[in-house]
Amino acid sequence: MANRLKDQSSPYLLQHAENPVDWYPWGEEAFAKAKREDKPVFLSVGYSTCHWCHVMAHESFEDGETAALLNRYFVCIKVDREERPDIDSVYMTVCQALTGGGGWPLSIFMTAQQKPFYAGTYFPPDSHSGMIGFRDLLRAIAEQWETNKTALIESAEQILSHVGAKDVAESSLIDRELLKRAVSLFSQSFDSRYGGFGTAPKFPTPHNLIFLLLYSVTEADKEETVFSHRAVYKTLEQMRRGGIFDQIGFGFSRYSTDSYFLAPHFEKMLYDNALLILAYVSMFKVSGEPFFLDTAEKTAAYVFREMTGEEGEFYSAQDADSEGEEGRFYLWDYEEICTLLGEETGASFCEYYGITKQGNFEGKNIPNRLGGGAIADSFDRERQMLYEHRKSRYKLHIDDKILTSWNALMICAMVFLYRTTGKQRYLQAAERTQKFIEENLAAGDLLFVSCRDRARSVNGFLDDYAYYMAALIFLYDATAEPYYRERAQTLYHQVKKQFADTNGSGFFLYGRENGRLITRPKETYDGAMPSGNSVIAYCLVRLSQILEEEEIKKDAERQLAYMSAAAQQYPAGYAMFLIALILYYHPPMKITVVLSHDDSREEILSHLPLRSEVNILPRATEDYRLLNGKTTYYVCHNHVCLPPDNSPPHL
């Protein structure tokens, strides 16, 4: 029998619509019931492609005995963290403060006033090895609520006072030294043998790599820039060789469970793949190594093939689990491959991709190129045969909701690819997605978080506006179409209206069009994705350079100063802000190109630096003339305009 989630559009909530748990979506109805019946609230936060969310659902939420305990003693609420990042942010902060860690599923027990008194993540169904089982936990909390409710409520008040939003100290200073300090921190944690930073698990965090790469081409310190370039090169190469990159079907998984990027957590997220396209394209532009661009284009091919809707919208994620087992879809037997490809070809294929009879992962094999050798399209025909065979195994679950922020990020990635390759399909993809956002995820100057089957979710948060503004700026840089610049500027007015702290600096996560929670956070730290405040810093720097308006420039400098204060303790955790800081001190070139009859727009774009504003003229004008009858470049940089030249400027 379906519960109250049956009418929701979120794939995650719909996964739980047939649970025997009497789930409620987040809303007044659930909290009114808790208050009326004097019950605590159990809040469960997750997302549809989360492996441990699946495990806890199967072990506990589908179990009749556990459901009976939940229904008797609690009011139960399910939240999709991707639709409600505000709820996730507030209560994840609680979990981290109480337990020292976090993750999903997020499990919170709280009062009807939304004040938490107990937090955790995954709980097994039964107690063992010193870990409390979920059923025992439910009984213990229910008993405490019955016999010692006052203590629980006092605990909730103490927790709330401890985790209440604490803003960073106000500052009017932009701290350029944060750039060097961040590079130093990255150098201390860099794994020179396997790439990446720290120990397993290793997350890609591509914005960290993009910062280091940008630092390597803009700052003067030779030792630091050599490290930055080497660290990014090594990390991106190792990920391309490893199992975190799907060697058969392309695209990147969420993170590596080991230190050398062989065995991933197999779910694929749209945002990871968008950010990694940006990182690989950037590395190609700096190094000229073709396999970096090849990796970016293969990742885009995966996104087009498996994560794109009919109108150019991009889906959110692809599950790790198949037939109840994580990664089963992606694993191979040596004999299976030899049967499919023939003994001789199969053996050669297995040798090339590190596949053995013993297996490299739990008795099976993850194809990889970690053994060395050139990264090339060897065995491409055979790879496609395996890809087609793999599709027949099982259809992986796709979270097909369309998130504004993640789609905006993929627009940026497609624009980067277009500006590097000159291939129109990437620009067309970016423009289609931008049109989809305007038609389905916007109402005038208001944005929404997501949509699915034409049904919109809640009003947008800071990240939605920040990421979409960035996408519009990317499109403007690629096309010089005034609409994109003007639309970004209009949305910034909405950001100020909804999210700005009128008593200080920075921007709140949720705005005046959103509901209220127990705290109102300002997110500044960059996690798996850059924070809204970091991205806003980038947008303001770029808008100030494009528009050359004093008010926007002052807003940009105020945000950079605010973020400088936030980043003081650990600047390596603020890479997107640091990217904005570099661009503030090293503005992009302004390039006007006059095309000759011998060159095409696409050919010209592939030779221009990404850190530039480009306007391509199909014919000469009175102000911009051809030099020597050839394509001519007019370049202005750092308030100086150079003489016209027939050669493109360098990065």
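Residues numbered from 1 in each chain as written. Predicted model: local features only at pLDDT ≥ 70, side-chain atom pairs only at ≥ 80, totals over all residues. Heavy atoms only, no water.

Right, let's talk about the side chain of Asp258 for a bit. Residue placement: Asp258 occurs in the loop between β6 (255-256) and β7 (264-265). Buried charged residue Asp258 carries no salt bridge. Nearest counter-charge: Lys202, at 7.3 Å. Non-local contacts of Asp258, meaning those with residues more than four positions away in its chain, are made with Ala200, Lys202 and Ala263. (Helix = DSSP H or I, 4+ residues; strand = E, 2+ residues; numbered from the N terminus. Buried < 20%, exposed > 50% of the residue type's maximum accessible area, 1.4 Å probe, protein only. Lys, Arg positive; Asp, Glu negative; His and termini not counted. Salt bridge = Lys/Arg side-chain N within 4 Å of Asp/Glu carboxyl O. Contact = heavy atoms within 4.5 Å.)

A cis amide bond links Trp104 with the next residue in sequence, Pro105, at an omega value of 5 degrees. By the element assignment, Pro105 lies in the loop between α5 (85-99) and β4 (106-110). Of note in the backbone geometry, Arg454 takes a positive phi value of approximately 70 degrees without being a glycine. Of note, Arg454 is situated in the loop between β16 (450-452) and β17 (455-456). Note on Arg454: relative accessible area 54%, which makes it exposed. The phi torsion at Glu548 lies on the positive side, around 55 degrees, for a residue other than glycine. Mapping Glu548 onto the fold places it in the loop between α20 (532-547) and α21 (550-566).

A few words now on the environment of Glu237. Tracing the backbone shows Glu237 in helix α10 (residues 222-241). In sequence terms Glu237 and Tyr280 are 43 residues apart; their C-alpha atoms lie 9.3 Å from each other. Not counting residues within four places of it along the chain, the set of residues in contact with Glu237 comprises Phe291, Phe292 and Ile375.

Each full turn of the α-helix corresponds to 3.6 residues, which orients residues three or four apart in the same direction. For helix α8 (residues 177-189), spanning 13 residues, the distance from its first C-alpha to its last is 19 Å, which sits close to the expected 18 Å at 1.5 Å a residue. Of all the positions in α8, only Leu178, Leu179, Ala182, Val183 and Phe186 are classed as buried. For α8, the arc enclosing every buried residue in end-on projection is 135 degrees, short of the 170-degree limit, so these residues lie on one face. Turning to α8, the residues buried within the fold contact α9 (206-218), α10, α21 and α22 (575-585). (Expected span 1.5 Å × (residues − 1). Arc of directions from axis to C-beta.)

None of the figures reported here should be taken as evidence of function without further support.
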